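Observations on the three-dimensional arrangement
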Amino acid sequence: MEKLLMHYDIGETITGFLFIKSVTKGIASNGSAFLTLMLQDKSGEMDAKLWSITKKEEDTYMAGKVVKVQGDIHEFKGRKQLKLSKIRLAGPNDGINPEDFVETAPLSKETMMEQVQTYIFEMKNSNIQRITRHLLSKYREEFMEYPAATKNHHEFVSGLAYHVVSMLHLAKAIATLYPSLNKDLLYAGIILHDLGKVIELSGPMATTYTVKGNLLGHISIMVTEIGKAAEELDIDSEEVLVLQHIVLSHHGKAEWGSPKPPLIREAEVIHYIDNLDAKINMLDRALEHVKPGEYTERVFALENRSFYKPTF
């Protein structure tokens, strides 16, 4: 079996095909242009620098392309980095499919959709159920394909659906411990909280932010979508307002991107569930690439900490 990118250790040399997830242009201290390529396969991603680039190279190595590379694995600021010695675009004779290089959710799309629909079926409030079902049906295909983010957590194909399914399972367990919680609000809020990302983001591969995503953001987008759904379904009730509040507040604080802090019990719980699932996903994926007794690379979204993997 071919060795995957994130399974290489510091000092090893890699030769093989990788997918360009993103490209950033920079200017070195000597005034020459360079590219930072975020390269990936199914095991994860690693950045590489292409120094002193020409205009032709800038136009050649673009996000969404597959390249054959050779280089050494180095460490830079606590993270692995690929030092390139050779790079070229994959050609038609290489028999390469870009989809073979992208990370995907560990569950099938069919399984995840069945699980989400089971939670919708359990809803007892008809207004909440109808709005949730309407919006999921409207964006079903994108919901099943898109990542939950461009970086940090669930940034892989079908990551959005996987994030939602994991949160739903957490919510069900928490509601068992705290039966006073409104499960309809929990389930609907979780399904809808990030659904605006199917408009905010460009697609499942080489994902970037759309114009609407940059100017409005997924929170504002989904608040509007909930209002439109309520109008189309002729629903004029407090449930609409509460669902919009859950979406507005799920990041928890203004400095984290929420226009409002949680002011409803279920909104507070969803914020913590969202935060927990995102952090566990980041930790699991970082720890997967280290041996017991070692530390992970620094995880930027977790205060740039390196986490230790116990030997037992």
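Residues numbered from 1 in each chain as written. Predicted model: local features only at pLDDT ≥ 70, side-chain atom pairs only at ≥ 80, totals over all residues. Heavy atoms only, no water.

Counted by the stated rule, this structure contains four aromatic pairs. Measuring from centroid to centroid gives 4.8 Å for Tyr119 and Tyr187, while their planes differ by 80 degrees, and the two rings are edge-to-face. Pair noted here: Tyr119 is in helix 2 (residues 109-122) and Tyr187 is in helix 6 (residues 183-193), with a separation of 68 residues, a long-range link. Tyr187 matches Tyr119 in its accessibility class, with the two residues each being buried. (Phe/Tyr/Trp six-rings, centres within 6.5 Å; stacked < 30°, edge-to-face > 60°. Helix = DSSP H or I, 4+ residues; strand = E, 2+ residues; numbered from the N terminus. Buried < 20%, exposed > 50% of the residue type's maximum accessible area, 1.4 Å probe, protein only.)

Turning next to helix 5 (residues 159-177). With 19 residues, helix 5 should reach 27 Å at 1.5 Å per residue; the first-to-last C-alpha distance of 27 Å fits that figure. By the burial criterion, the buried members of helix 5 are Gly159, Leu160, Ala161, His163, Val164, Val165, Ser166, Met167, Leu168, Ala171 and Ala175. Check the buried side of helix 5 and you find it contacts helix 2, helix 4 (140-145), helix 6, helix 7 (197-200) and helix 11 (265-287). (Expected span 1.5 Å × (residues − 1). Contact = heavy atoms within 4.5 Å.)

The next thing to look at is the environment of Gly252. Summarising the element assignment, Gly252 is placed in the loop between helix 10 (238-249) and helix 11. Residues Gly252 and Asn275, 23 residues apart in the sequence, show an inter-C-alpha distance of 9.2 Å. Discounting residues that sit within four places of it in the chain, Gly252 has contacts with Ser258, Pro261, Pro262 and His271.

Structurally, Lys21 can be placed in strand 1 (residues 13-27). Separated by 2.7 Å, the side chains of Lys21 and Glu45 make a polar contact. A polar contact is formed between the side chain of Lys21 and the backbone oxygen of Thr150, at a distance of 3.3 Å. (Polar contact = N/O pair within 3.5 Å; in protein donor to acceptor, adjacent residues only side chain to side chain.)

Turning our eyes to something else, we now look at the pairing of strand 5 (residues 79-89). Sheet topology note: the strand 3 (residues 44-50)/strand 5 ladder contains three bridges and is parallel. Each residue of the ladder has a partner; that of Lys49, found in strand 5, is Lys83. Both strand 4 (residues 66-76) and strand 5 contribute to a ladder of 10 bridges, which runs antiparallel. Counterpart to Lys68 in the pairing with strand 5 is Arg88. Linking two consecutive strands that pair antiparallel, namely strand 4 and strand 5, is a turn of two residues; a positive phi of about 55 degrees is found at Lys77 within it. (Pairing = 2+ DSSP bridges.)

Before going further, it helps to spend a moment on a nonpolar patch on the surface. Residues Val211, Leu215 and Leu216 make up a contiguous nonpolar surface patch of about 340 Å² in total accessible area. In this structure, Leu216 sits in the loop between helix 8 (211-215) and helix 9 (217-232). (Patch = residues over 30% accessible without salt bridge, like charges linked within 9 Å, V, L, I, M, F, W, Y side chains within 5 Å. Areas by Shrake-Rupley, 256 points an atom, 1.4 Å probe, with all protein chains shown as cover. Salt bridge = Lys/Arg side-chain N within 4 Å of Asp/Glu carboxyl O.)

Let us now look at the nonpolar core. If you look at the biggest cluster of nonpolar residues, it comprises 55 residues, and the most contacted ones within it are Val116, Ile131, Phe143 and Ile226. By residue number, the principal contributor to this core is helix 5, which donates eight residues. The next biggest cluster of nonpolar side chains, apart from the first, holds 21 residues, and it includes Leu50, Ile53, Ile73 and Ile87. (Core = buried A, V, L, I, M, F, W, Y, C linked by side-chain atoms within 4.5 Å.)

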